[in-house]
Amino acid sequence: MLRQPADCVQMAGYRICNNPVSIFGTGSGSFMFPYESSLVSRVIAQDATHCALDFDPDPARWPWLDLPCWHPVVCEKYAYFCGVTAGMEVGTISATSFTALTGMDWSYRGAQTAQSAPTHAICESRVEAQQAGYSVCTRDATDRVVHEISGKGVIFRTRDFENWRQQRKQADAEDLPRPDFEFATAAVTGCRSGDEVLISDLVDDPEQGTLRCLAWLDADRGFHPGHPYHTGSRDHVNAAQLLDCAYQASHLVLAQQSDWQTLTPPLYCTGGKARFKNYVELQRDFELLVTGVTVNGSRRTLRFDLQQGGTICARLSLDFCLAAGDHAA
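Computed from a predicted structure; not experimentally measured.

Colleague: Outline the overall build of the protein, supporting the account with residue identities and numerical values.
Modeller: A count of helices and strands for the protein gives five helices and 13 strands. Taking all 329 residues of the protein together, the buried fraction comes to 53%. Of the contacts formed within the protein by residues at least 6 apart in sequence, a portion of 66% connects residues at least 24 apart. For the protein, the accessible surface area stands at approximately 13800 Å², while carbon and sulfur atoms represent 49% of it.

Colleague: Run through unusual backbone geometry, naming residues and quoting values.
Modeller: Looking along the chain, the bond that leaves His-224 and enters Pro-225 is cis, with omega of 10°. Structurally, the position occupied by Pro-225 is in the loop between strand S9 (210–215) and helix H5 (239–254). The omega torsion across Pro-265 and Pro-266 is 5°, close enough to zero to call that bond cis. For Pro-266, the location among the structural elements is in the loop between H5 and strand S10 (269–276). Positive phi, normally seen in glycine, also occurs at Asp-143, with a value near 75°. Secondary-structure assignment places Asp-143 in the loop between strand S6 (131–139) and strand S7 (145–156). Here Asp-143 falls in the partly exposed class, since its relative accessible area comes to 44%. Phi at Gln-283 is positive, roughly 65°, even though this residue is not glycine.

Colleague: Explain the pattern of salt bridges to me, and be specific about the residues and the numbers.
Modeller: Scanning the model with the defined rule gives seven salt bridges in all. One salt bridge in this structure joins Asp-54 and Arg-42, with 2.5 Å as the shortest N-O distance. With Asp-54 in strand S3 (residues 50–55) and Arg-42 in strand S2 (residues 40–45), this pair connects stretches of sequence that are 12 residues apart. According to the relative accessible area criterion, Asp-54 is partly exposed, its value standing at 24%. Of the charged contacts in the structure, one is a salt bridge between Arg-315 and Asp-305, with a shortest N-O distance of 2.8 Å. Here Arg-315 is found in strand S13 (residues 311–321), whereas its partner Asp-305 is found in strand S12 (residues 299–308), with 10 residues between them in sequence. Classification of Asp-305 by relative accessible area gives buried; the value is 9%.

Colleague: For the side chain of Ser-250, give the residues involved together with the corresponding values.
Modeller: Tracing the chain through its elements places Ser-250 in helix H5. Exposure remark for Ser-250: the relative accessible area of 0% places this residue in the buried category.

Colleague: So, the pairing of strand S5 (residues 120–128): which residues are in play, and what are the values?
Modeller: As judged from the five bridges shared by S3 and S5, these two strands associate in the antiparallel manner. Following the sheet pairing, Asp-54 is matched in S5 by His-120. Where S5 and S6 come together, nine bridges link them in antiparallel fashion. Across the sheet, residue Arg-126 finds its bridge partner in S6, namely Gly-133.

Rules used throughout
- Residues numbered from 1 in each chain as written.
- Predicted model: local features only at pLDDT ≥ 70, side-chain atom pairs only at ≥ 80, totals over all residues.
- Heavy atoms only, no water.
- Helix = DSSP H or I, 4+ residues; strand = E, 2+ residues; numbered from the N terminus.
- Buried < 20%, exposed > 50% of the residue type's maximum accessible area, 1.4 Å probe, protein only.
- Contact = heavy atoms within 4.5 Å.
- Areas by Shrake-Rupley, 256 points an atom, 1.4 Å probe, with all protein chains shown as cover.
- Salt bridge = Lys/Arg side-chain N within 4 Å of Asp/Glu carboxyl O.
- Pairing = 2+ DSSP bridges.

This is how it looks when you write it as structure tokens:
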């Protein structure tokens, strides 16, 4: 069935989570925005689980569209809009659902140039018991595959989600902003300006044998317009922001390797994996601990544990390659 944005407003109302952390927005669904604000311009349900989607990208509305198509943030955003739109169309999620992303895998298959911008996609939605999932394949105007993304999450059916989150945030209300946080420079993190940077410089601890950096953001610095491209509910640090922190940190790590030192940022990311375990709260710094670097010819895979308050909140890995077209296997 064909849906135009205006029809979707009537179908779904306005209660849709705009927290861009993939399909069902990790966290609060209390942020309201019109369905017509979606990146998706139309959706056609092909059967009970599959939808065809067309995009109407508008950088003025979604500033992250100015990033390269292979940027982890862009990959996550396309997954979010595809997953939410398709899930609501086939009925695997509803406008009143509160859901949390627990895992996401993706690969970038397009060209390294902007010409690979997706124009349409197919999304499969699935749900079993409390677990929901999706698979997305985006394509460009020539029908070439750009992204292949899959993810899974949990649907909250009995928990008073909004009250639970409010209590959690109130427990941290005494935390003060960190105006003294020393951010790394844009030049070494693959960023275009200092406003995009979310992390500190690397800290090498030879005694502990660890390599790590810190990250910090709040509702102002971490979200548009304070941040040039991050959007979301402002409830917590969302998946796109966590991926961006790992992407920025990867520049610092790879700059220590001789064959990568001469590369000009931003580095070419061909895919990755993410597992989300606990919410990362705003206004509290968190740590990105480098847990491994795998070398495979001209390719590198970097692995991170993201910790806050001594708790592992997420485990991420990002794949990089030196040359255009050298995609991860």
